[in-house]
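The residues making up each chain are set out below.
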Amino acid sequence: MTDVAPALYEAIKKSFDRRVKRDLRVQTIRIKIDKGTATAEDAFRYAGYLGNHASDALIECVTEDVLPDGKMYWNISERTVKPFLLEVHVMVIDVAVAVQQIEDLKQKIGLKPVRPEAPIDRVEALMNKLAWATGAMEGT
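Just so we're clear, the structure is a prediction, and the values are computed from it rather than from any experiment. (Residues numbered from 1 in each chain as written. Predicted model: local features only at pLDDT ≥ 70, side-chain atom pairs only at ≥ 80, totals over all residues. Heavy atoms only, no water.)

Counting secondary structure elements, the chain contains six helices and zero strands. Across the chain, helices and strands are ordered from the amino to the carboxyl terminus as α-α-α-α-α-α. Principal-axis analysis of the C-alpha atoms gives the chain an extent of 60 × 30 × 20 Å. Scored against the burial criterion, the 140 residues of the chain give a buried share of 37%. Contacts spanning at least 24 positions in sequence make up 77% of the contacts within the chain whose residues lie at least 6 apart. Of the roughly 8800 Å² of accessible surface on the chain, a fraction of 57% belongs to carbon and sulfur atoms. A gap of 7 Å separates the mean positions of the 20 positive and 21 negative side-chain charges of the chain. (Helix = DSSP H or I, 4+ residues; strand = E, 2+ residues; numbered from the N terminus. Buried < 20%, exposed > 50% of the residue type's maximum accessible area, 1.4 Å probe, protein only. Contact = heavy atoms within 4.5 Å. Areas by Shrake-Rupley, 256 points an atom, 1.4 Å probe, with all protein chains shown as cover. Lys, Arg positive; Asp, Glu negative; His and termini not counted. Charge placed at Lys NZ, Arg CZ, Asp CG, Glu CD.)

Moving on, we come to the layout of surface pockets. Counted as a void, the largest pocket has a volume near 490 Å³. Residue lining of the largest pocket: 17 residues in total, with Gly51, Leu85, Arg122, Val123 and Leu126 positioned closest to the centre. For the lining of the largest pocket, the elements supplying multiple residues, two or more each, are helix 3 (40–61), helix 5 (81–106) and helix 6 (120–133). Per-element tally for the lining of the largest pocket: the top contributor is helix 3, with six residues. (1 Å grid on protein atoms, 1.4 Å probe; cavity = no way out; pocket = protein on both sides within 12 Å on 5 of 7 lines; lining within 4 Å. Points joined across faces, edges and corners; volume = space filled by probe spheres on them.)

Turning to the nonpolar core, a few remarks are in order. In terms of nonpolar packing, the biggest core is built from 33 residues, with Leu8, Ile12, Phe16 and Phe84 touching the most fellow members. Only helix 1 (5–22), helix 2 (24–35), helix 3, helix 5 and helix 6 provide two or more residues apiece to this core. Here this core takes nine residues from helix 5, the largest share from any one element. The residues touching Ile12, leaving out its near neighbours within four places in the chain, are Ala57, Leu58, Cys61, Val62, Thr80 and Phe84. (Core = buried A, V, L, I, M, F, W, Y, C linked by side-chain atoms within 4.5 Å.)

Between the first and last C-alpha of helix 3 there are 32 Å, a value that for 22 residues agrees with the 32 Å anticipated at 1.5 Å per step. Among the structural elements, helix 1, helix 2 and helix 5 are those in contact with the buried residues of helix 3. (Expected span 1.5 Å × (residues − 1).)

A few words now on the packing of aromatic side chains. Summed over the entire model, instances satisfying the criterion amount to one aromatic pair. Considering the side-chain rings of Phe16 and Phe84, the 5.3 Å spacing of their centres and the 80 degrees angle between planes classify their relative orientation as edge-to-face. One end of the pair, Phe16, is in helix 1; the other, Phe84, is in helix 5, and 68 residues separate them in sequence. You can call Phe16 buried: its relative accessible area is 0%. (Phe/Tyr/Trp six-rings, centres within 6.5 Å; stacked < 30°, edge-to-face > 60°.)

Our focus in this paragraph is the packing of helix 1 against helix 3. With their axes 8 Å apart at the nearest point, helix 1 and helix 3 run at an angle of 140 degrees to one another. By the angle between their axes, helix 1 is oblique relative to helix 3. Of the two possible hands of crossing, helix 1 and helix 3 adopt the one that is right-handed. For the pair helix 1 and helix 3, the contacting residues are Leu8, Ala11, Ile12, Ser15, Phe16, Arg18, Arg19 and Val20 in the first and Leu50, His53, Ala54, Asp56, Ala57, Leu58, Glu60 and Cys61 in the second. Broken down by class, the residue content of the contact of helix 1 with helix 3 amounts to ten nonpolar, two polar and four charged. (Axes fitted to C-alpha atoms, helices over the stretch in contact; angles between N-to-C directions. Parallel < 35°, antiparallel > 145°, perpendicular 65-115°, else oblique. Left-handed = near helix turned anticlockwise from the far one by under 90°. Nonpolar A, V, L, I, M, F, W, Y, C, P; charged D, E, K, R; others polar.)

Remember that the coordinates give geometry; whether it matters functionally is a separate question.
If you want it as structure tokens, here you go:
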């Protein structure tokens, strides 16, 4: 049996990157960050856009025909879904931190924004849902 994880991860990442690159709303927010004019609302919207693109990429790429026996086994999810979602999380946090720094600068606040930890429990809960939904955890 061939290892599907590397190719699946690359497919998910390429689909996501393509969607983000084409999204003018995402590009506009990045420009606003570079100009120092982005707001907390922009960061909130950015997170939503990336979340939608991540969801669409997963739906597009994680299909029965690419999974062994049509099932999303935990070891595959651990090497594809988990790192992908954690990368998206970092992208969202990077923008949130940048916007917080912009806001703090305007208010003459000299504090360094705190970066939250990755939501590992939530990611693993999604991985469990994928395994159950595809039948990989039946009988356990």
